[in-house]
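Commentary on secondary and tertiary structure
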Amino acid sequence: VQLQASGGGLVQAGDSLRLSCANSGRTFSNYGLGWFRQAPGKEREFVAGIRWSGGRTYYADSVKGRFTISRDNAKNTVYLQMNSLKPEDTAVYYCAADMIYGRTSRNPYDYEYWGQGTLVTVSS
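Model, not experiment: these values are computed from the prediction. (Residues numbered from 1 in each chain as written. Predicted model: local features only at pLDDT ≥ 70, side-chain atom pairs only at ≥ 80, totals over all residues. Heavy atoms only, no water.)

What follows deals with the pattern of salt bridges. Summed over the entire model, instances satisfying the criterion amount to six salt bridges. Notably, a salt bridge pairs Glu45 with Arg37, separated by 2.6 Å at the nearest N-O pair. Overall, Glu45 belongs to the partly exposed group, its relative accessible area being 34%. Given a relative accessible area of 5%, Arg37 falls into the buried group. The salt bridge involving Asp89 is made with Arg37; its shortest N-O contact spans 2.9 Å. Of this pair, Asp89 sits in the loop between β8 (77-82) and β9 (91-98) while Arg37 sits in strand β4 (residues 32-38), placing them 52 residues apart in sequence. Connected through salt bridges with shared partners, the residues Arg37, Glu45, Arg66 and Asp89 form a single ionic network. (Salt bridge = Lys/Arg side-chain N within 4 Å of Asp/Glu carboxyl O. Buried < 20%, exposed > 50% of the residue type's maximum accessible area, 1.4 Å probe, protein only. Helix = DSSP H or I, 4+ residues; strand = E, 2+ residues; numbered from the N terminus.)

So this is what it looks like as structure tokens:
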């Protein structure tokens, strides 16, 4: 599994961004894919997750209703659509893969593979 995150940038509050996480290695199968973020001086926190098989999604309360995680099986890519962005969404965003079948974890330590991160900056 080799994850490559992209799509970050500088936007204004209220704008939208779509992050992508492409897997150029072993094909996603029954893995869980998650998006996490880490702001300066803060711990890495869970944002959203999706089970590759079945497509079940789950979100942090702070982004529920604003962010949507989805996947494209053909492209072996997972997306994070972020709408109504707020300055507090500013962080480096990481995608990660959880190799345990059926698990829907919000714990970053349960994720084995990580992308390199993409910076999202939301100005007020």
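Burial runs high along strand β5 (residues 45-51): six of the seven residues are buried. In terms of strand pairing, β4 meets β5 through six bridges, oriented antiparallel. The partner of Gly34 across the bridge, within β5, is Gly49. Between the end of β4 and the start of β5, which pair antiparallel, lie six residues, with Gly41 showing a positive phi angle near 80°. Pairing of β5 with strand β6 (residues 57-59), which is carried by three bridges, proceeds in the antiparallel orientation. When the bridges of β6 are listed, Ile50 appears paired with Thr57. Once β5 ends, the chain turns through five residues before running back antiparallel as β6, passing Gly54 with a positive phi of about 100°. (Pairing = 2+ DSSP bridges.)

Trp35, Leu80, Met82 and Tyr93 are the most contacted members of the largest nonpolar core, which totals 36 residues. For this core, the element with the highest residue contribution is β9, accounting for five residues. Sequence-distant contacts of Met82, that is, excluding residues within four places in its chain, are made with Asp15, Ser16, Leu17, Leu19, Arg66, Phe67, Tyr93 and Val120. (Core = buried A, V, L, I, M, F, W, Y, C linked by side-chain atoms within 4.5 Å. Contact = heavy atoms within 4.5 Å.)

This part is about the pairing of strand β11 (residues 118-123). Side chains Thr118, Val120 and Val122 of β11 all project onto a buried face; the interleaved residues Leu119, Thr121 and Ser123 project onto a face where none is buried. Two strands pair when backbone bridges link them, and strand β2 (residues 9-12) and β11 are joined in this way by four bridges, in the parallel orientation. Bridge assignment links Leu10 to a residue of β11, and that residue is Thr121. Where β9 meets β11, three bridges bridge the pair, whose relative direction is antiparallel.

Counting across every chain of the model gives one disulfide. The disulfide bridge from Cys21 ends at Cys95, spanning 2.1 Å between sulfur atoms. Taking the sign of the S-S torsion, 70° for the link of Cys21 and Cys95, the bridge is right-handed. Of this pair, Cys21 sits in strand β3 (residues 17-23) while Cys95 is found in strand β9, placing the two residues 74 residues apart along the sequence. For Cys95, a relative accessible area of 0% puts it in the buried group. (Disulfide = S-S within 2.5 Å.)

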